[in-house]
Number of protein chains: 4
Amino acid sequence: MSDHANTAPRPLRLGMVGGGQGAFIGGVHRIAARLDGQYQLVAGALSSDPERARASGAELGLAPERCYSDFRAMAQAEAARPDGIEVVAIVTPNHLHHAVACAFIEAGIHVVCDKPLTTTLADALDLQSRLAARPAQRFALTHNYSAYPLMRAARAMVASGQLGEVRIVQVEYAQDWLAEPLEATGQKQASWRTDPALAGPAGALGDIGTHAAQLAEFVSGLTPQELSADLMSFVPGRRVDDHVQVQLRYANRARGLLWASQVATGEENHLRLRVYGSRAALHWDQEQPNELTFHPAGEPARRLTRGMASLPAEAGAATRTPGGHPEGYLEAFAQIYRDFAEDVRDAQAGRESPPRVPGLSDGVRGLQFVEAVLRSHAQNAAWVAL
Amino acid sequence: MSDHANTAPRPLRLGMVGGGQGAFIGGVHRIAARLDGQYQLVAGALSSDPERARASGAELGLAPERCYSDFRAMAQAEAARPDGIEVVAIVTPNHLHHAVACAFIEAGIHVVCDKPLTTTLADALDLQSRLAARPAQRFALTHNYSAYPLMRAARAMVASGQLGEVRIVQVEYAQDWLAEPLEATGQKQASWRTDPALAGPAGALGDIGTHAAQLAEFVSGLTPQELSADLMSFVPGRRVDDHVQVQLRYANRARGLLWASQVATGEENHLRLRVYGSRAALHWDQEQPNELTFHPAGEPARRLTRGMASLPAEAGAATRTPGGHPEGYLEAFAQIYRDFAEDVRDAQAGRESPPRVPGLSDGVRGLQFVEAVLRSHAQNAAWVAL
Amino acid sequence: MSDHANTAPRPLRLGMVGGGQGAFIGGVHRIAARLDGQYQLVAGALSSDPERARASGAELGLAPERCYSDFRAMAQAEAARPDGIEVVAIVTPNHLHHAVACAFIEAGIHVVCDKPLTTTLADALDLQSRLAARPAQRFALTHNYSAYPLMRAARAMVASGQLGEVRIVQVEYAQDWLAEPLEATGQKQASWRTDPALAGPAGALGDIGTHAAQLAEFVSGLTPQELSADLMSFVPGRRVDDHVQVQLRYANRARGLLWASQVATGEENHLRLRVYGSRAALHWDQEQPNELTFHPAGEPARRLTRGMASLPAEAGAATRTPGGHPEGYLEAFAQIYRDFAEDVRDAQAGRESPPRVPGLSDGVRGLQFVEAVLRSHAQNAAWVAL
Amino acid sequence: MSDHANTAPRPLRLGMVGGGQGAFIGGVHRIAARLDGQYQLVAGALSSDPERARASGAELGLAPERCYSDFRAMAQAEAARPDGIEVVAIVTPNHLHHAVACAFIEAGIHVVCDKPLTTTLADALDLQSRLAARPAQRFALTHNYSAYPLMRAARAMVASGQLGEVRIVQVEYAQDWLAEPLEATGQKQASWRTDPALAGPAGALGDIGTHAAQLAEFVSGLTPQELSADLMSFVPGRRVDDHVQVQLRYANRARGLLWASQVATGEENHLRLRVYGSRAALHWDQEQPNELTFHPAGEPARRLTRGMASLPAEAGAATRTPGGHPEGYLEAFAQIYRDFAEDVRDAQAGRESPPRVPGLSDGVRGLQFVEAVLRSHAQNAAWVAL
């Protein structure tokens, strides 16, 4: 077990944009930042409504003068303070990601951004070029599912050839929370996530389809070359897709299927990945994240569990407790924060290092995936190149 | 528990075409026919090689004069005997199904045919028109997976509206026995199943894809309206597909995915069906056939087990032992035989009754599915109508 | 796959005592005898009520002159016929096993007896001494759970040292069908099984506890040296135990726990065995009989499935279908019959061979177990020697 | 989701005794204290070795003057500071719990103590009487497994009568990390846990058996009246038990079995509880802590998942993320800390409230259990009263 705080004397100063009262993902980011003791939340633009921004900040113990309602003002003020934030977490609805990220990148502050990166591919590419100009600046995108220890193990196992050549990738992400027209009730999450103006043109596709695509790519090491996609809005009146299914073709002749749905009755947060290679297969289920099935050809399936000594080192580095002591969603999310703290400290010390977490290039590829799916769908599921 | 023999004093006289030494499915049919005591095997054209036909028949206790090497001769001779067979089981390679079925249909003998029905849609339609002219004659196609008690329960539950409107159908059938070029070793099963001349133009598609399609249709009650399909032969030199993936669109706007593979490393015989409706979902896995998950929206998932009193009557009628006493593949296969015995006795008694088992129309739809998949694939996975 | 009929030209002539209309286990024996084509049922004393015996026999296609109501008359008459039965299946309530077995043993007819062997240890020992005098006569006791292919594999794995020294044996058998006073409703199964005059002094202990004890011994290869047992009758008015829990001590210092209950709400037929050795462990669950978990120390658990080529040969010999084609309770039960047919043919041919199935010695040890449990319980769960 | 920090402006000042470099449980306590933002670690006697105490403290960012090597000095110094710690976490080996707890209780500092409470029942009772004299002082014992949301749900379900009368309690806790003589290698955890001078006279019994006993009691609401216990040390030379099995009798005639083992090959941290009542049963497995099986008599089993709206309120209050976002061991551990913060704030505000977490009475009952097991074992597993 690694109690990471042992080697990290000073927590990084963290700010947050979005995540005020009633938000979901902001709370997750705060727990994740806290869990390993690497961050201290000291400032926020938790809401654009001044009253709400102040109240939300007070609940989190922020000093009143560091509760902002304007994220641009926050970026400037914090950049000017000697004790200003070193990292900002962006947890607003998707349509604001680009503008907020720009403001903090310009202010020289490292960024943790919730996914999807932006609502358009153009915006994502814009961020990428901005950051390219500032090599010392770090950017994390919270593709948290790929931070599970066993997903890191899986990636390492594929990369080291344990599966042989990958032939089949099956990934799915099934939820049911939008099976009814929840947005019609005014529920906050449902409202913004089904509003193209706030979430972008992709519904389930952008919200969870991009997670599935990123995870499949992260583990298989393969980027689809072409795809053919069919989108549906099952719930009457819904303005974005709530179900997407995609056929994938890879450069090495591998084939894949991806489906994501927010109307799959009875499913909570069922992200599931199966990768079949010529020598072995891997199966993983996010709802049972502490186990990974490894199935070598012609041999019994093996149940790998988080914490096993025989796993690739990448898994051990991302684990806090021994086998049999389940870790979950928050720990994986915290892993992004923990690893990013190392990225940031490298930057602060002038050390070059490859990023330890998903970043802008993942975000760009996510938007390319979304754009290709929408394009294929618009052509009656014709094959389109990525 | 139903010990069916109680009401059925005389076993039906059964013949078999194919299924000699070294065959697989012939043995399954014989066990299935025996299990409920409804049939007695009395004749066979177990091989077209006279020596082998005789030897195979002797092993099964057949009288020498009823061991044929020519199925046409068998059909005529048996039809002429006062104690001739009443039912024939066709378990040859696929390319012979049509000719054998014709011979026994013409001889007035009821037919149990292994699937797929034929290798071409034209042949399937030909059989259908032949049988249409002989209303008293019965024909069973061994789509055995839909004979599992819980699949019958599932069908009844969908039909009675317990799922609401079906929105999503996910069906998959994964095996790995052809992950290597087994046909190159001369292995009998692999050789004929990958030879287009014997198995037809469809490999995994015809062998197991048709099972998946039939099961999805059987349970959901929906027939696809359009499909878009991608086929692969992963193993170099293979002459038929060993992996198929298909997008499905249904008339009621439902969407589906079907994939079948014989190169999915580590998978034995993994047929799995999930149907999501607006009110509930059903999940089933052939490798754990004694349980069915029923997931009503907003409520905990329920584990339905074979043998439960609360299941639809269709399930109870197809079960032999109480809950917790697992039944499996052979029992489901036997169910086809047991039900078909009732069909045949109805025919013999001049009783009209709807068929209790899959038959020619299922076979025709199966070939239509195969033909549409091949057509779509030939057009780079364009949508084609069924 | 082994289609056993291939080598067995003539089915054995089988008779049955008990198993008339309304019985459960009689039907199971008949299916089991039929499944592999090794037996033909030709005579029966299916009921002691002549009318019912005749009606039950007619349903099973027995000739009227071979439908007996007196098992002693049946034994004599069949022994005298040139085409008399070669094997009898005893499926009466427990209290008759001894008398029926005596009659057929004396008549020189091979016996398949449902378990428990008898209701008293004295009776069991009596049978043992009678059979000792007739070495050519064969006797099978249907401890069907140990005939599952993976239980045979497990036994072979333990015997070959794959587990190292066995340290811990955990076995449990949980049902719930007697959670309510079902006997008060007149239900036939419940009535005789809770009546000490018919079932013997042991309730759940005799009915299912003996299965658990036999299976644990079969796999572990260990016989308990001492036990300490606590019995309960949870349902008011019940005259036999409906729950038993037992601590076990083995000669090699291993420890064990056995519990069996017929009031474990929600459990259907949950027989589960875990054996932990110094080098590895095995876990098995009768409700998922096609898989066996093998857990070597310090390595990932492996999922062994019925049909795998790498299993011990004992498993392969007891399997009919390839992996992924589930076999179940009836196939395991049929395995007893299939193996016993070989035993009987050996006897008929004058070949000596070790019995292939559980027999009198298992029955005697079962009664010794029951007697020891009752003795311990009578002494407030004191340790008693077996 | 409850982001608890929202209502809790000021973190409590926390000290720690034990938990220096190389310790396991100290790190768990620190993560648990941090996760919900309710505590700030400001002082520690992390080791009795001054050098190591200082180094360990520095790694955790403690000021040098608050890194103590003598816990008594720490208690006095911190009590005297205006910004002294308000809560101390005791994570030393078991034999020090009593002395450390005394020191901080006398200093008026609230205590979180790892379990088992003490190594003798007398010490436990002594602590209980000391605390009885200080009603405003709060004491938490980290029986973390009962803090899982679904265990709180289970307790509430039993208490509200959903199971009817509890009849059978099956609890087991299986690990394998002591299957080999690990203590002979000098491994720190193994060494002190198998040393009676440091861990007390109970090995697996004290370390994990007490967890199993507490969980069974917590959920069932039943305290055993009598028990009969058998202990083993399978590993040669081991000075404490590494395997324990116990029969339990409850006042309401319920029966139970408890077994705990640290030599169960292949098991990681397998704590499993099953409670069968007259109306329903509950099953839970710590390695899959986000699901709870509820099995009402005569109905399908239901899979309850953490986060479901229909669960008892006690579960919802202990959950941070929606269903399908797995929480685990650290979150349950953190729950003790989060709830105890409320206890402490109540005490600080002079509010009386029932304790929200396990405390001294649980610790005393745990020691009574240990004492009774040892007493029974010394009498060859005779029944002894608790």
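Not measured: the values here are computed from a predicted model. (Residues numbered from 1 in each chain as written. Chains lettered and ligands numbered in written order. Predicted model: local features only at pLDDT ≥ 70, side-chain atom pairs only at ≥ 80, totals over all residues. Heavy atoms only, no water.)

Asker: Report on the overall build of chain A, specifying residues and quantitative values.
Answerer: Secondary structure assignment for chain A yields 12 helices and 14 strands. Its C-alpha atoms put chain A at 65 × 50 × 40 Å along the principal axes. For chain A, with 386 residues in total, the buried portion stands at 65%. Counting only contacts in chain A whose residues sit at least 6 apart along the sequence, the fraction spanning at least 24 positions is 69%. (Helix = DSSP H or I, 4+ residues; strand = E, 2+ residues; numbered from the N terminus. Buried < 20%, exposed > 50% of the residue type's maximum accessible area, 1.4 Å probe, protein only. Contact = heavy atoms within 4.5 Å.)

Asker: I'd like to hear about the packing of aromatic side chains, residue by residue, with values.
Answerer: Taken as a whole and judged by the stated rule, the model has 28 aromatic pairs over all chains. Between the aromatic rings of Tyr145(A) and Tyr148(A), the centroid separation amounts to 6.5 Å while the plane-to-plane angle is 20 degrees, which identifies the pairing as stacked. Like Tyr148(A), Tyr145(A) is buried. Connected via pairs of aromatic rings, a cluster forms that spans Tyr145(A), Tyr148(A), Tyr173(A), Trp284(A), Tyr329(A) and Phe333(A). When the ring centre of Trp383(C) is taken as reference, the NZ or CZ atom of Arg249(C) above it lies at 3.6 Å. (Phe/Tyr/Trp six-rings, centres within 6.5 Å; stacked < 30°, edge-to-face > 60°. Lys NZ or Arg CZ within 6 Å of the ring centre and 35° of its normal.)

Asker: Which residues make up the interface of chain A and chain B, and what are the values?
Answerer: Each partner contributes residues to the interface: chain A has 46 residues there, and chain B has 46 residues. For the pairing of chain A and chain B, the buried interface totals around 3700 Å² over both sides, and the portion due to carbon and sulfur atoms is 47%. A per-residue breakdown of the area chain A buries against chain B is headed by Arg167(A), Phe234(A) and Thr265(A), which together make up 18% of the total. Between Asp230(A) and Arg255(B) there is a salt bridge whose closest N-O contact spans 2.8 Å. Taken together, the elements giving at least two residues each to the side of chain A that touches chain B come down to β6 (166-174), β7 (224-232), β8 (243-250), β9 (255-261), β10 (270-277), β11 (280-285) and β12 (291-296) of chain A. For the side of chain A that touches chain B, the leading source of residues is β8(A), giving six residues. Its residues assigned to classes, the side of chain A that touches chain B shows 20 nonpolar, 15 polar and 11 charged. (Buried area = accessible area lost by both parts, 1.4 Å probe. Salt bridge = Lys/Arg side-chain N within 4 Å of Asp/Glu carboxyl O. Nonpolar A, V, L, I, M, F, W, Y, C, P; charged D, E, K, R; others polar.)

Asker: A description of helix α5 (residues 121-132) of chain C should follow, citing residues and the corresponding values.
Answerer: All names here are of chain C. Under the 1.5 Å per step criterion, the end-to-end length of α5 is 16 Å for 12 residues, consistent within 8% with the ideal 16 Å. Listed as buried for α5 are Ala-124, Leu-127 and Leu-131. Buried positions in α5, seen along its axis, are confined to an arc of 60 degrees and lie on one side of it. Relative to its buried face, α5 has exposed residues pointing more than 90 degrees away, namely Ala-122 and Ala-132. (Expected span 1.5 Å × (residues − 1). Arc of directions from axis to C-beta.)

Asker: I'd love a proper account of the side chain of Gln189(C), names of residues and values included.
Answerer: All names here are of chain C. Structurally, the position occupied by Gln-189 is in helix α7 (residues 188-193). Taking the relative accessible area as the measure of exposure, Gln-189 reaches 13% and is therefore buried. When sequence neighbours within four positions are dropped, the list of residues in contact with Gln-189 reads Gly-22, Ala-23, Phe-24 and Trp-177.

Asker: Give a description of the interface of chain D and chain C that names residues and reports values.
Answerer: Chain D puts 46 residues into the contact, and the matching count from chain C is 46 residues. Of the roughly 3700 Å² buried where chain D meets chain C, counting both sides, 47% is carbon and sulfur surface. The largest share of the area that chain D buries against chain C comes from Arg167(D), Phe234(D) and Thr265(D), three residues that together contribute 18% of it. Taken together, chain D and chain C are joined by 27 residue pairs in polar contact (both at pLDDT 80 or more). (Polar contact = N/O pair within 3.5 Å; in protein donor to acceptor, adjacent residues only side chain to side chain.)

Asker: Outline the sheet that holds strand β3 (residues 87-90) of chain C, listing residues and values.
Answerer: All names here are of chain C. Read from one edge of the open sheet, five strands run β2-β1-β3-β4-β5, paired in parallel fashion. In the strand order of this sheet, the two ends are held by β2 (39-45) and β5 (139-141), each with one partner. In this sheet, adjacent strand axes meet at a mean angle of 20 degrees when their direction is disregarded. Across the sheet, helix α3 (residues 71-80) lies against β1 (12-17), β2 and β3, angled at about 130 degrees from β2, the strand it touches most. (Pairing = 2+ DSSP bridges. Axes fitted to C-alpha atoms, helices over the stretch in contact; angles between N-to-C directions.)

Asker: For the relation of the copies chain D and chain C, give the residues involved together with the corresponding values.
Answerer: It takes a turn of 180 degrees to lay chain D on chain C, together with a shift of 0.0 Å along the axis; the resulting RMSD is 0.0 Å. Classification of the inter-copy transformation places it as that of a two-fold axis. For chain D, the residue whose C-alpha comes nearest the rotation axis is Ala382(D), separated from it by 3.4 Å. (Least-squares fit on C-alpha atoms with pLDDT ≥ 70 in both.)

Asker: Lay out the relation of the copies chain A and chain B with the relevant residues and their values.
Answerer: Once chain A is rotated about the relating axis by 180 degrees and shifted along it by 0.0 Å, it coincides with chain B to within an RMSD of 0.0 Å. When you check the interface residues of chain A against chain B, 100% turn up at the interface there too, and the contact is symmetric in its surfaces.

Asker: Tell me about the packing of helix α1 (residues 25-35) of chain B against helix α11 (residues 329-348) of chain B, residues and numbers included.
Answerer: Residue and element names in this part refer to chain B. Two elements in contact, α1 and α11, have axes separated by 8 Å at closest approach and are oriented at 70 degrees. As the angle between them shows, α1 and α11 are arranged roughly perpendicular. Between α1 and α11 the crossing geometry is right-handed. Of the residues in α11, those touching α1 at Ile-25, Val-28, His-29, Ile-31, Ala-32, Ala-33 and Leu-35 are Tyr-329, Leu-330, Phe-333, Ala-334 and Tyr-337. Across the contact of α1 with α11, the residue classes break down as 11 nonpolar, one polar and no charged. (Parallel < 35°, antiparallel > 145°, perpendicular 65-115°, else oblique. Left-handed = near helix turned anticlockwise from the far one by under 90°.)

Asker: Would you mind going over the environment of Ala77(A) in detail, with residue names and values included?
Answerer: Note that Ala77(A) resides in helix α3 (residues 71-80). Given a relative accessible area of 29%, Ala77(A) falls into the partly exposed group.

Asker: I'd like to hear about the environment of Ala341(A), residue by residue, with values.
Answerer: Residue and element names in this part refer to chain A. Mapped onto the secondary structure, Ala-341 falls in helix α11 (residues 329-348). When the C-alpha atoms of Ala-341 and Arg-320 are compared, they prove to be 16 Å apart, with 21 residues separating the residues in sequence. In contact with Ala-341, other than residues within four places in its own chain, are Leu-12, Gln-38 and Tyr-39.

Asker: Let's hear about the packing of helix α9 (residues 204-220) of chain C against helix α12 (residues 360-378) of chain C: which residues, and what values?
Answerer: Residues and elements named next belong to chain C. In contact at an axis separation of 10 Å, α9 and α12 are set at 120 degrees when each is read in the N-to-C sense. Note that α9 runs across α12; the crossing there is right-handed. Taken together, the residues of α12 that come into contact with α9 (itself represented by Leu-205, Gly-206, Gly-209, Thr-210, Ala-213, Gln-214 and Glu-217) are Asp-362, Arg-365, Gly-366, Phe-369, Val-370, Val-373 and Leu-374. For the contact of α9 with α12, the per-class residue count stands at six nonpolar, five polar and three charged.

Asker: Would you mind going over the sheet that holds strand β2 (residues 39-45) of chain A in detail, with residue names and values included?
Answerer: Residues and elements named next belong to chain A. Strand order in the open sheet formed by five strands is β2-β1-β3-β4-β5, and the pairing between neighbours is parallel. What marks the edges here is a single partner per strand, and that holds for β2 and β5 (139-141). If you compare each strand with its neighbour and ignore which way they point, the axes differ by 20 degrees on average. Where strand β1 (residues 12-17) lies against strand β3 (residues 87-90), four bridges are found, and the strand directions are parallel. Counterpart to Leu-14 in the pairing with β3 is Val-87.

Asker: Break down unusual backbone geometry for me, with residues and values.
Answerer: As a rule of thumb, non-glycine residues mostly have phi less than zero, and peptide bonds are mostly trans rather than cis. A cis geometry characterises the amide bond from Lys115(A) onward to Pro116(A), with omega recorded as -5 degrees. Mapped onto the secondary structure, Pro116(A) falls in the loop between β4 (110-113) and α5 (121-132). Even without being a glycine, Ala381(A) presents a positive backbone phi close to 65 degrees. Of note, Ala381(A) is situated in the loop between α12 (360-378) and β14 (384-385). By relative accessible area, which is 2% here, Ala381(A) ends up buried. In the Ramachandran plot, Arg253(B) falls in the positive-phi region, its phi being about 75 degrees despite a non-glycine side chain. Its place among the elements puts Arg253(B) in the loop between β8 (243-250) and β9 (255-261). What makes Arg253(B) partly exposed here is its relative accessible area of 44%.

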